[in-house]
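# Coordinate analysis (summary)
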Amino acid sequence: NAGVTQTPKFQVLKTGQSMTLQCAQDMNHNSMYWYRQDPGMGLRLIYYSASEGTTDKGEVPNGYNVSRLNKREFSLRLESAAPSQTSVYFCASSEGPGGYPTDTQYFGPGTRLTVL
Amino acid sequence: QKEVEQNSGPLSVPEGAIASLNCTYSDRGSQSFFWYRQYSGKSPELIMFIYSNGDKEDGRFTAQLNKASQYVSLLIRDSQPSDSATYLCAVVIIQGAQKLVFGQGTRLTINP
């Protein structure tokens, strides 16, 4: 089992460009999450999906959109990247459904995004 | 007041000693608490969770919860250089819509 996988590992964008971060899990989990991690800020939830077909906003959703493509995959899209979105992005999953916020979460390796 | 607070460190502990990491939280009604370990450049991984007051032991790790004082701590006995990492405390906040809030993490260095 690969667990939670994310692509790409690194990305550099110019202000205004768009991109999609991909996440997939092979643990048959129902709930999936997107976080960002900034120095001194801890992990902050962007969006989550309690089950296939549902998505909900987290603490910092502005500037992002998500798609729960199927049970395995949950993508994060930046429509018009801004320097403030420079961060490390983590995808996570939990058994669920509706596992947030009490389920144990399993994290992917992260995507380091720089917006110039 | 931050919902979950940790001393960012760095905390330096000699090899073989006990490392003590602390976390305080603001929501008196919180019931679920997690400790994650994050190596530099890697993703967080769960070490322990605790729901009840008192101590919970797992190998060299002990989580301690004191709901009256609103703090949760993680003790690492017989610290090893491989324990050098950032430790994240996470608390389920139930005021308003329930959410999982992470502290900013404490960077721990074990010195050989």
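Below is a short write-up of the structure. (Residues numbered from 1 in each chain as written. Chains lettered and ligands numbered in written order. Predicted model: local features only at pLDDT ≥ 70, side-chain atom pairs only at ≥ 80, totals over all residues. Heavy atoms only, no water.)

### A closer look at the packing of aromatic side chains
Applying the stated criterion across every chain yields a total of 14 aromatic pairs over all chains. Centroid distance A:Tyr33 to A:Tyr100: 5.8 Å. Interplanar angle 50°. Geometry classified as tilted. Of this pair, A:Tyr33 sits in strand E4 (residues 31-38) while A:Tyr100 sits in the loop between strand E9 (87-94) and strand E10 (106-107), placing them 67 residues apart in sequence. Accessibility assignment for this pair places A:Tyr33 and A:Tyr100 in one class, buried. One aromatic cluster is present, formed by A:Tyr33, A:Tyr35, A:Tyr48, A:Phe90, A:Tyr100, A:Phe107, B:Tyr36 and B:Phe102 through successive ring pairs. (Phe/Tyr/Trp six-rings, centres within 6.5 Å; stacked < 30°, edge-to-face > 60°. Helix = DSSP H or I, 4+ residues; strand = E, 2+ residues; numbered from the N terminus. Buried < 20%, exposed > 50% of the residue type's maximum accessible area, 1.4 Å probe, protein only.)

### Quick look at the state of the cysteines
By the definition in use, this model includes two disulfides over all chains. Shown here is the disulfide that connects A:Cys23 with A:Cys91, its sulfur atoms set 1.9 Å apart. Disulfide A:Cys23-A:Cys91: torsion about the S-S bond near -70°, hence left-handed. Taken together, the positions of A:Cys23 in strand E3 (residues 19-25) and A:Cys91 in strand E9 put the pair 68 residues apart, joining distant regions of the chain. Note on accessibility: A:Cys23 and A:Cys91 belong to one class, buried. Shown here is the disulfide that connects B:Cys23 with B:Cys89, its sulfur atoms set 2.1 Å apart. Given an S-S torsion of about -70°, the disulfide between B:Cys23 and B:Cys89 has left-handed geometry. (Disulfide = S-S within 2.5 Å.)

### A closer look at the nonpolar core
In terms of nonpolar packing, the biggest core is built from 25 residues, with B:Trp35, B:Val72, B:Leu74, B:Ile76 and B:Tyr87 touching the most fellow members. Among the secondary structure elements, those contributing two or more residues to this core are strand E3 (19-25), strand E4 (33-38), strand E5 (45-50), strand E7 (61-66), strand E8 (71-76), strand E9 (85-93) and strand E11 (106-111) of chain B. Looking at this core, the element that brings in the most residues is E9(B), giving five residues. For B:Tyr87, the contacting residues outside a window of four places in its chain are B:Gln6, B:Leu21, B:Trp35, B:Tyr36, B:Arg37, B:Ile47, B:Leu74, B:Ile76, B:Gly105, B:Thr106 and B:Leu108. The next biggest cluster of nonpolar side chains, apart from the first, holds 20 residues, and it includes A:Met19, A:Leu21, A:Leu76 and A:Cys91. (Core = buried A, V, L, I, M, F, W, Y, C linked by side-chain atoms within 4.5 Å. Contact = heavy atoms within 4.5 Å.)

### Some details on the interface of chain A and chain B
If you look at the interface, chain A gives 16 residues, while chain B gives 19 residues. On the chain A side of the contact with chain B, A:Leu43, A:Pro101 and A:Phe107 bury the most area, a combined 33% of that side's loss. The interface formed by chain A and chain B holds zero salt bridges in total. Taken together, the connections running from chain A to chain B amount to four residue pairs in polar contact (both at pLDDT 80 or more). Within the residue set of the side of chain A that touches chain B, elements represented by two or more residues are E4 and strand E5 (42-49) of chain A. The residue inventory of the side of chain A that touches chain B, partitioned by class, reads eight nonpolar, seven polar and one charged. (Buried area = accessible area lost by both parts, 1.4 Å probe. Salt bridge = Lys/Arg side-chain N within 4 Å of Asp/Glu carboxyl O. Polar contact = N/O pair within 3.5 Å; in protein donor to acceptor, adjacent residues only side chain to side chain. Nonpolar A, V, L, I, M, F, W, Y, C, P; charged D, E, K, R; others polar.)

### Some words on the sheet that holds E3(B)
All names here are of chain B. Read from one edge of the open sheet, five strands run E1-E3-E8-E7-E6, paired in antiparallel fashion. Each edge of the sheet is formed by a strand with only one pairing partner; in this case those strands are strand E1 (4-6) and strand E6 (54-58). On average, each strand axis in the sheet is tilted by 20° relative to the strand beside it, whichever way the strands run. As paired strands, E3 and E8 are joined by six bridges and run antiparallel to one another. Note that in E8 the partner of asparagine 22 across the bridge is serine 73. (Pairing = 2+ DSSP bridges. Axes fitted to C-alpha atoms, helices over the stretch in contact; angles between N-to-C directions.)

### Looking at the pairing of strand E7 (residues 64-68) of chain A
All names here are of chain A. Alternating positions in E7 separate cleanly, Tyr64, Val66 and Arg68 being buried on one face and Asn65 and Ser67 remaining unburied on the opposite face. Note that E7 and strand E8 (residues 74-78) share five bridges and pair antiparallel. Looking at the pairing, asparagine 65 lines up with arginine 77 of E8. A loop of five residues connects E7 with E8, the two strands running antiparallel in sequence.

### Details of the pattern of salt bridges
When charged atoms on two side chains of opposite charge get close, those side chains can pair. Residues and elements named next belong to chain B. A full pass over the atoms with the stated rule returns seven salt bridges over all chains. Between glutamate 3 and lysine 99 there is a salt bridge, and its shortest N-O distance comes to 3.1 Å. You can see glutamate 3 sitting in the segment before E1 and its partner lysine 99 sitting in strand E10 (residues 99-102), a full 96 residues away along the chain. Taking the relative accessible area as the measure of exposure, glutamate 3 reaches 29% and is therefore partly exposed. A residue is classified by how much of its surface remains accessible, and lysine 99, at 30% relative accessible area, is partly exposed.

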